[in-house]
Every structure is written in C-alpha cells, then in structure tokens.
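Close look at the chain arrangement
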Amino acid sequence: MKLVLAIVQDADTPGLMRSLSEQGYEVTKLASTGGFLREGNTTLMIGVQDERLPHLKTLVGQNCRSRSRLVTPSVPMGEQGEGLVSDPVEVPVGGAVMFVVNVDEFVRV
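Now for a description of the structure that goes with this document. (Residues numbered from 1 in each chain as written. Predicted model: local features only at pLDDT ≥ 70, side-chain atom pairs only at ≥ 80, totals over all residues. Heavy atoms only, no water.)

**Brief notes about the environment of K2**
Relative to the assigned elements, K2 resides in strand β1 (residues 2–9). C-alpha of K2 to C-alpha of N102: the two residues are 100 residues apart in sequence and 4.7 Å apart in space. Dropping the residues within four chain positions of it, K2 is found in contact with I46, G47, V48, D50, L53, V100, V101, N102 and V103. Here the side chain of K2 touches N102 through a polar contact of 2.3 Å, side chain to side chain. (Helix = DSSP H or I, 4+ residues; strand = E, 2+ residues; numbered from the N terminus. Contact = heavy atoms within 4.5 Å. Polar contact = N/O pair within 3.5 Å; in protein donor to acceptor, adjacent residues only side chain to side chain.)

**Topic: the nonpolar core**
Judged by nonpolar contacts, the single largest core of 14 residues is most densely connected at V4, L16, L20, Y25, I46 and L56. Sorting the residues of this core by element identifies β1, α1 (13–22), β3 (39–48) and α2 (53–63) as the ones contributing at least two each. Apart from residues no more than four positions distant in its own chain, I46 is found in contact with K2, L3, V4, L20, Y25, E26, V27 and L56. (Core = buried A, V, L, I, M, F, W, Y, C linked by side-chain atoms within 4.5 Å. Buried < 20%, exposed > 50% of the residue type's maximum accessible area, 1.4 Å probe, protein only.)

**Comments concerning the packing of aromatic side chains**
Within the structure shown, the criterion is met by zero aromatic pairs. One residue, R52, lies across the ring of Y25, its end atom 4.0 Å from the ring centre. (Phe/Tyr/Trp six-rings, centres within 6.5 Å; stacked < 30°, edge-to-face > 60°. Lys NZ or Arg CZ within 6 Å of the ring centre and 35° of its normal.)

**Looking at a nonpolar patch on the surface**
Where nonpolar side chains cluster on the molecular surface, the patch consists of V97, F99 and V101 and spans about 250 Å² of accessible area. Along the polypeptide, F99 turns up in strand β6 (residues 96–102). You can call F99 partly exposed: its relative accessible area is 45%. (Patch = residues over 30% accessible without salt bridge, like charges linked within 9 Å, V, L, I, M, F, W, Y side chains within 5 Å. Areas by Shrake-Rupley, 256 points an atom, 1.4 Å probe, with all protein chains shown as cover. Salt bridge = Lys/Arg side-chain N within 4 Å of Asp/Glu carboxyl O.)

**Re the side chain of S19**
Topologically, S19 is positioned in helix α1. If we ignore the near neighbours within four places in the chain, the residues touching S19 are L59 and N63.

**Describing α1**
Of the positions making up α1, those classed as buried are T13, L16, S19 and L20. Take α1 and look down its axis: the buried residues cluster within an arc of 135°, on one side only. Exposed and facing more than 90 degrees away from the buried side of α1 are R18, S21 and E22. Of the residues one or two after α1, G24 is the one with positive phi, at around 85°. (Arc of directions from axis to C-beta.)

**Concerning the packing of α1 against α2**
In helix packing, the relevant descriptors are the interaxial angle and the interaxial distance, both defined with respect to the helix axes. In the contact formed by α1 and α2, the axes pass within 9 Å of each other and the chain directions differ by 150°. In terms of orientation, α1 lies roughly antiparallel with respect to α2. α1 and α2 meet at a crossing whose hand is right-handed. For the pair α1 and α2, the contacting residues are G15, L16, S19 and L20 in the first and L56, L59, V60 and N63 in the second. The class makeup of the residues in the contact of α1 with α2 is five nonpolar, three polar and no charged. (Axes fitted to C-alpha atoms, helices over the stretch in contact; angles between N-to-C directions. Parallel < 35°, antiparallel > 145°, perpendicular 65-115°, else oblique. Left-handed = near helix turned anticlockwise from the far one by under 90°. Nonpolar A, V, L, I, M, F, W, Y, C, P; charged D, E, K, R; others polar.)

Right, dumping it as structure tokens:
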C-alpha cells in the first residue's frame, strides 16, 4: 500500500476530487500554501493499493494542467531606483506534484 501526497493548484481541485470519487478513491483534502507565487494549493492525501497507483497517476495527470501566468517581479526596497519599472515575466504554474510513500501499516478505527 502507498500513501500519495498530491499537491495541486486550487483551480484543478474540484475536477480532480470528482474524478477520484467516481473511481472509488478515498481522499483527505488539506488546504496548503506555497510555491513560487505563494498561492493557495490543495494537498490531497490518498491511500492506494500498489496495483492502482498507475491509474491514480493517470487521473491526476488528466485533471491537473500546467498554465502560464504573468507576474511582476518584486524588487527589494534597497535596490529600487527612481523611475524603475519592472516588466511582467511569464512563469509556469499548475500541474501537480506527487509524493509516493510506502505504508507499513494502515489502521481504520
């Protein structure tokens, strides 16, 4: 058995949760923040049998897409020059990060 910690962008969470539920996966949803943009993410904890892990990875891949976003870089206060204008930079966001951990024991009380 494996424990999958899937960190996904908030925008992708509803569709992924629906797909996981339809396929019989039990999921615990945690709100989280992090990454380059310090935006809201969702961390999903999913227990899965070893043989279903490839299917789970496919579902996450189908529901979590990468996007691009324009971000204005912040300049540290000590380095700001008069009239300095920062142009927006395009950065990739979204997709999913999955950590797969072996489970030694699972107990439901």
